[in-house]
Number of protein chains: 2
Amino acid sequence: MAEATGGKRSLLERCKERWRETRLDHFSWANPTYFKQRYFVCDEHWRRGGSIFFYVGNEADVTLYLNNTGLMWELAPRYSAMLVFAEHRYYGQSKPFPPKELRANMAWLTSEQAMADYATLLWDLKKEIGDQDVPVIGFGGSYGGMLGTWFRQKYPHLIDGVIAGSAPIWTYKGEEPPYDAGSFAKIVTQDASPEGGSVAACAGNVREAWRVLARFGKTKEGRSTINRAMSLCDASRAETEGDALALRDWAAGAWDYLAMGNYPYPSVYIVNGAQPPLPAFPVRVACEHLSDLELGGEELLAAMARAVGVFYNHTRDLDCYSFKQGPNPETDEDADFWGYQYCTEQFQIFSKDGVHDMFWEEPFRTKDAIAQCKESWGVEPRPLWATIEWGGKRLEAASNIVFSNGLLDPWSGGGVLHNISEARDLVAVVIPEGAHHLDLMFSHPLDPPSVTQARRFEEHYIAKWIRQARDRAAAGPQLGAPQHAAVAQL
Amino acid sequence: MAEATGGKRSLLERCKERWRETRLDHFSWANPTYFKQRYFVCDEHWRRGGSIFFYVGNEADVTLYLNNTGLMWELAPRYSAMLVFAEHRYYGQSKPFPPKELRANMAWLTSEQAMADYATLLWDLKKEIGDQDVPVIGFGGSYGGMLGTWFRQKYPHLIDGVIAGSAPIWTYKGEEPPYDAGSFAKIVTQDASPEGGSVAACAGNVREAWRVLARFGKTKEGRSTINRAMSLCDASRAETEGDALALRDWAAGAWDYLAMGNYPYPSVYIVNGAQPPLPAFPVRVACEHLSDLELGGEELLAAMARAVGVFYNHTRDLDCYSFKQGPNPETDEDADFWGYQYCTEQFQIFSKDGVHDMFWEEPFRTKDAIAQCKESWGVEPRPLWATIEWGGKRLEAASNIVFSNGLLDPWSGGGVLHNISEARDLVAVVIPEGAHHLDLMFSHPLDPPSVTQARRFEEHYIAKWIRQARDRAAAGPQLGAPQHAAVAQL
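By convention here, each chain's residues receive numbers from 1 onward along its written sequence. Chains carry letters from A onward and ligands carry numbers from 1 onward, assigned in written order. At least 70 in pLDDT is required for a residue's local features to be given in this predicted model, at least 80 for side-chain atom pairs to be given and counted, and no such filter applies to totals for whole chains, interfaces and linings, which use all residues. Where side-chain values are given, they derive from all heavy atoms of the structure, hydrogens and water being excluded.

Enquirer: Please explain empty space enclosed by the protein as it appears in this structure.
Expert: Only protein atoms enter the 1 Å grid used here, on which a cavity is any set of points holding a 1.4 Å probe that cannot leave and a pocket is any open set flanked by protein within 12 Å on both sides along at least five of seven lines; residues with an atom within 4 Å of a point are listed as lining. Grid points are joined across faces, edges and corners, and a volume is the space filled by probe spheres set on the points. Inspection of every chain in the model, using the stated rule, returns seven cavities of 30 Å³ or more. Taken as a whole, the largest cavity encloses approximately 210 Å³ of empty space. Taken together, 19 residues make up the lining of the largest cavity; nearest its centre are Q153(A), A397(A), Q153(B), P156(B) and A397(B). Numbering of helices and strands runs from the N terminus, with a helix taken as a DSSP run of H or I at least four residues long and a strand as a DSSP run of E at least two residues long. Going through the elements one at a time, α7 (143-154) of chain A together with α7 (143-154) of chain B are the ones with two or more residues in the lining of the largest cavity. If one sorts the elements of the lining of the largest cavity by residue count, α7(A) sits on top with three residues. Each residue is assigned to one of three groups, with Ala, Val, Leu, Ile, Met, Phe, Trp, Tyr, Cys and Pro labelled nonpolar, Asp, Glu, Lys and Arg labelled charged, and all others, Gly among them, labelled polar. Here the lining of the largest cavity is composed, by residue class, of eight nonpolar, five polar and six charged.

Here you go:
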C-alpha cells in the first residue's frame, strides 16, 4: 500500500485543491477582513451515507499531511469517507497577507482562530454535501493532534471523534501535577542510548561534544578548529563565542528532529517531505558516527558534524554547513512561524540538565523566555493561557478522543499515556517502538506489530463513533418529556 | 427572606467590589492592551471546603444581578458558598475605553471575549483561594444563561455545572429544526390574553391600536391627535409618518418588557433596578387599561398610552412621553450595546404576523436586518456564527446544565423545554406561571408552587455537581493502566 500510494504526486492528483474565504479575526470586529484558506478534498471513496475524515492541519504546508497521513487513506474505502485536509492559517499557501507584510502581521496566528476556520469550513462542507448529520472523524498529529483534541473539546457538535497522534497537550505551565519540562531531552537521550537501539557510546559522546564545543568556542584557535572539524561554510563560521553556542543549539536541534523522525523505515516526513528520506531509525544511524568511546577534541566534533548531517544533509548535496539553516527553507519558515505561536499561546516549557539527558544544564526560566519573545517577535507570551483555555489535565468532560503516543517520540513525555475515561472514550494507546505519530502514517512492511495494533485500536473507535453519529441522527432529537416544575421528578 | 435581603444597599454592603486587569483581546495579539473589569465577591458564608457560586454576568451593571439573584444568596449558607458576580465587559462600569471613545471601539464586545474574561477570573480566584478543586456552580439569566451554557460547553474544566435561567439559546438561524421566529410575539400576546390572566379585550385592542396609529400617522391632523392622545412631549412629537412608526415600535417594546417582567409580585428587575417597582403581573395591569371592547380612535390611543405607561412611567413622574427613550438611561445604554451584539454575533431572529400575535405583519428579512446593522453600527452580522460556534441543538456532548424557563416569558420560545440527556444532566424545568427567570429571584410569599419546585430541582443538581467535583478531586487523576498497543484491549 505504501509503495502504491505514498508517492507525492499520485496522492495530490487524487484530490481537489480548493480555497475559501475565511475571516481573519473570528472573535472581534476590529478587522472585518477575509483571507483565502486552502484545503484539499479527496472524494474517490465518498458516497452519500459515508463519513468525512478531516485532517486538522498544523504548522506546515497541508500537502505534507495529505501525503503522509496514510491512516486516513487506508481507512477511507471501508467507511466511504471523503478525505478533507485543511491547511492551518499562515502556513503553506494559506497566508493572510502578502509575503512582505506577513511577518509584521502575525497577530491572528492563534489556535482559536485556526479552529474557527475549521469550524466554518466543516459547517460549509456539511451544507454543501447536504447531510447535516454526516459523521466527522478528525485526525491530527503533533500540534495537529493538539488542535484535534481542543477542537473536539470546543466544537463537539461539528466533529464526532478525534484520533490525536502524538499530541503533547500536557507540556504547559499550570498543569497539575506539573509537567516534567526535562522529559523531551530525556527521551531524545533514550533514543541515542542502547534502550533506543543505539550504540552504547553515543549519548556520552554527544554530551562530551558540547563540552568540547564550549571550550573551543572560547578562543580564536579553538573556533578555527571548530570551523574545520564541523565543515562550516565560509559565510557561517563560528567567529565568536556566541556563534559557538548558536552552533551548539543548531547541532542539538538535529537530535530533536532525528528522535521525532525515528521511524523503522526511511521517511521524508520529518524533513518536511524533502527527498531523499532520512534512513530507517535515523538516531541509530547518526549514533553510528559516535560509536567510538575514544573520540575527543577535533575528532569528536567531526563525528558530531557527520552525525547531525544525517538530518541536515540528508539530501547529501551539502559541501559545508550553516548553523543558521535547517534542512530546507520550508522547515525554516514553519519553525519560524511556530516560534511566533510559542511566543504567544503555545508556551511549552523545556529544560535540560546534562545529567538525565545528553545535553547541557539549561533550566527553564519563564522570564528569559519571555524576554527572548519580546526581542524576536515583539510579543509577550501568556504562559498560562493554554491551560486556562484548554483545561490541562482536567479533560474529564470531554469525550471521543484516542490519544496515541510512540515512546521513541520525545513529545510523548507531554502526551496522554493513560486512559482518562473508558466510559467517555477518552483513551490512550502507547506504541513502544513508535516515533512521532507513526500510527498516522501509511502501513509499511517494517511496521512493528504495536503500530498495527494501535491502528486497529483506533479503527475500533472510529467505527464506533461513526455508528453513534448515525444512530443519533436516525433517532432524531432525543428530547424527553417537558419537566413541568409542578411535576418535576428528581 | 426577600424583605430582609432584597434591598439594594444591604446586599452591596455584604460584598467586596473588586477590579482586575483583563486583556482587551484574548484571541489575537493585535491589541495587547488591558482594561479593568469589575466583579463582586460576597464571602460571608464562605469557608474552606465550600464552593463558588459564580454569576455569569450579562448585559447590565452587575449590581442588578447581585441584587436580584436571590437563588444564589439563599443557597449560599447551605453550601458554604462564596458568591462571585462578574461584570460583562462594556456594561456597567467595566468599560474598556473612556466614555467618549467607547461607542467607536466596540469591536471587542463579543461573547467569546467575555467568557475568556470569566475563565481567567475563575483561574485567578481558584489560585487565590488555594483550592484548585473548589466546585464552581454557574448561574445566569437570559443572555447570562446563554453565556453560562456556552461557558460550561467551552470551559467545563473551570465550571462544574450551570443553572441557565430563561436562556434562549435556540433563537438563531441555522437551528435544525428551525426556530419559530414568531414565538416571542406569540407569547407576549398570550400574556395579554385570558390564558395569561389578562382581560379578554386586551390583545384585540392592542392589535387595533397599531392600525389606528398607522392610519392617523398618515395625516397631519391624525398625528396631532396621536400627540395629544398619547401625551407626547413637545420635543418628541410625531411629525412624520416615520415618527408614527417609531412610536409604534416604542409602544410595542413596552409589551415585550412587561411580558418578560410579568412576575407575580412587584419587581424592579425588568426596569434595571429603578424604583418604584412594576406592579405584580404588569401585563395584566397594563391590559386593564384596554379592557373596553368599544375602544377606538383617539380613546384607544389614550388607553394604549396609559397601558405602556405601566412600563415607561412606572416611576409615575412623567408628564409626557418620548418615544425616543426607554424607562431610564441605564436601560437605554444597555439596549444600545446589546444592539451592537445583535448586529455582530447575537443575530437572533424575530418576526410578527399580526394574526398569531397582537402586533403587525413583519416577516424577518435577513438582508434588511443586516442593512440596518451596517447603518447603525457600521458592522455586518455573521448570521450563522452563533450556531456554528455554540452548536445550536447539537448539545449532546455537553453536560451538567439545568435549563429553566417560565412560560409567561416570551424568550421561552427559544429555550430548552425538554430534557436533552438525563444521563448527562442536561435537563429542563418549566415553570408554567413564571416570567423571565423567576426561579433565579429571591423567594417571595407570592411565588407560585411551580417556582419553588423548580428551585428544589435546581438545588438537587447543584448538590450533585458539588459532590461530583469533590469526589473527583479526592480520587485524584483517574488514570487507567497505560494501553500499550501490543496488549491494547478493545
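Don't stop here, the text continues.
Enquirer: What is the right way to look at the interface of chain B and chain A in this model?
Expert: A common way to report how large an interface is uses the accessible area buried once the components associate. The interface of chain B with chain A comprises 74 residues on the first partner and 73 residues on the second. The term buried area denotes the loss of accessible surface (1.4 Å probe radius) that occurs when two parts are joined, taken as the sum for both partners. Each partner contributes to the roughly 6200 Å² buried at the junction of chain B and chain A, and carbon and sulfur atoms together form 61% of this total. Whenever Lys or Arg places a side-chain nitrogen within 4 Å of a carboxyl oxygen from Asp or Glu, that contact is recorded as a salt bridge. If you look at where chain B meets chain A, you find four salt bridges. The residue E396(A) makes a salt bridge to R472(B) at a minimum N-O spacing of 3.2 Å. A 3.5 Å cut-off defines polar contacts: any pair of N or O atoms within that distance qualifies, except that in protein one atom must be a possible hydrogen donor and the other a possible acceptor, and neighbouring residues in sequence count only when both atoms are side-chain atoms. At the boundary of chain B with chain A, the tally comes to 22 residue pairs in polar contact (both at pLDDT 80 or more). Every residue pair with non-hydrogen atoms within 4.5 Å of one another is taken to be in contact.

Enquirer: Help me understand the state of the cysteines, please; the structure alone is not making it clear to me.
Expert: Joining two cysteines, a disulfide is a covalent bond between their sulfur atoms. Disulfide: a pair of cysteine sulfur atoms within 2.5 Å of each other. According to the stated counting rule, one finds eight disulfides over all chains in the structure shown. Put simply, C15(A) and C42(A) are joined by a disulfide, and their sulfur atoms are 2.2 Å apart. Here C15(A) and C42(A) share a disulfide; its torsion about the S-S bond, 95°, makes the bridge right-handed. Residue C15(A) is found in the loop between α2 (8-13) and β1 (16-23), and its partner C42(A) is found in strand β2 (residues 34-42); the two are separated by 27 residues along the sequence. The residues C15(A) and C42(A) share a single accessibility class, namely buried. Between C343(B) and C373(B) runs a disulfide, and the two sulfur atoms are separated by 2.1 Å. The chirality of the disulfide connecting C343(B) with C373(B) is left-handed, given an S-S dihedral of about -80°. Residue C343(B) is located in the loop between α14 (329-342) and β7 (352-353), and its partner C373(B) is located in helix α15 (residues 366-377); the two are separated by 30 residues in the primary sequence. Each member of the pair C343(B) and C373(B) is classed as buried. Along chain A, the cysteines that take part in disulfide bonds pair up as 1-2, 3-5, 4-6, 7-8, counted in sequence order. The cut-offs for exposure are 20% and 50% of the maximum accessible area for each residue type, with area from a 1.4 Å probe on protein chains only; residues under the lower value are buried, those over the upper are exposed, and the others partly exposed.

All quantities given are derived from atomic positions and should not be read as evidence of function.
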